[in-house]
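Chain and residue survey
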Amino acid sequence: MLVITAGLSLSAGLVDIKQVDVAGVAIGGILAFAYFSALSLLISRTFVNTGNLGTAAKAGAKIGVILLLLTLGLTTITIAVILSHICRPLGFLVGFSALFGSIALETVTFLVFSKPQAKAKPED
């Protein structure tokens, strides 16, 4: 994701459009990376060693509260960055799109380079 952000920032610098600033693209990409990393860490810690039993109701409620606080905190940071005029909103949006671009690239990479799954034998 950071590579895509760097590429988008370089492109914004080369194109030199007033509404899409390099700082906005970089800040949007870095915040998207922070959101995705925090969410990935939360999910991986949640479901490690759960097995087939899943998570208990108390653990599920705790995860929900943590996810809500994480979302509210990062949303507040995003609003503060845009309203404080640190960057232009369109540049921020272009940088934040690195999240979706990296997900699409990872999906295509998985589909192209993954080994075919073994077919299940039909039961008689």
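The following refers to the structure shown. (Residues numbered from 1 in each chain as written. Predicted model: local features only at pLDDT ≥ 70, side-chain atom pairs only at ≥ 80, totals over all residues. Heavy atoms only, no water.)

1. Focus on helix α5 (residues 98-113)
With 16 residues, α5 ought to run about 22 Å at 1.5 Å a step, and its terminal C-alpha atoms sit 22 Å apart, in line with that. Within α5, the full set of buried residues consists of A98, L99 and S102. Burial along α5 is one-sided: seen end-on, the buried residues are contained in an arc of 100°. In α5, those exposed residues whose orientation departs by more than 90 degrees from the buried face are F100, L111 and V112. (Helix = DSSP H or I, 4+ residues; strand = E, 2+ residues; numbered from the N terminus. Expected span 1.5 Å × (residues − 1). Buried < 20%, exposed > 50% of the residue type's maximum accessible area, 1.4 Å probe, protein only. Arc of directions from axis to C-beta.)

2. Some remarks on the side chain of T5
Note that T5 resides in helix α1 (residues 2-15). When its relative accessible area of 5% is taken as the criterion, T5 is described as buried. Once residues lying within four places of it in the same chain are set aside, the contact partners of T5 are V25, A26, G29, I30 and A98. (Contact = heavy atoms within 4.5 Å.)

3. Some remarks on the nonpolar core
Counting 9 residues, the largest nonpolar core is built from L31, A32, Y35, L74, V81, C87, F92, F96 and L99. Those elements that provide at least two residues to this core are α2 (22-47), α3 (57-83) and α4 (89-96). At 3 residues, α2 tops the list of elements feeding residues into this core. Those residues in contact with L31 that sit more than four places away from it in its chain are I77, T78, V81, F92 and F96. (Core = buried A, V, L, I, M, F, W, Y, C linked by side-chain atoms within 4.5 Å.)

4. Overview of the packing of aromatic side chains
The tally for this structure, following the rule as stated, stands at 3 aromatic pairs. With a centroid separation of 6.0 Å and 25° between ring planes, the pair formed by F92 and F96 is classed as stacked. Taken as a pair, F92 and F96 lie in helix α4 at a separation of 4 residues, close to a single helical turn. Through a chain of ring-to-ring contacts, the aromatic side chains of Y35, F92, F96 and F100 assemble into a single cluster. (Phe/Tyr/Trp six-rings, centres within 6.5 Å; stacked < 30°, edge-to-face > 60°.)

5. Digging into the layout of surface pockets
Here the largest pocket defines a volume of roughly 200 Å³. Mapped onto the lining of the largest pocket, the elements with two or more residues apiece are α2 and α3. A per-element tally of the lining of the largest pocket places α3 first, with 6 residues. (1 Å grid on protein atoms, 1.4 Å probe; cavity = no way out; pocket = protein on both sides within 12 Å on 5 of 7 lines; lining within 4 Å. Points joined across faces, edges and corners; volume = space filled by probe spheres on them.)

6. A look at unusual backbone geometry
Non-glycine residue H85 carries a positive phi angle of around 60°. For H85, the location among the structural elements is in the loop between α3 and α4. Among the residues examined, H85 registers a relative accessible area of 69% and is labelled exposed.

7. A closer look at α4
Of all the positions in α4, only G91, F92, G95 and F96 are classed as buried. Buried residues of α4, seen end-on, are gathered within an arc of 135° and therefore sit on one face of the element. Projecting away from the buried face of α4 at angles above 90 degrees are the exposed residues P89 and L93.

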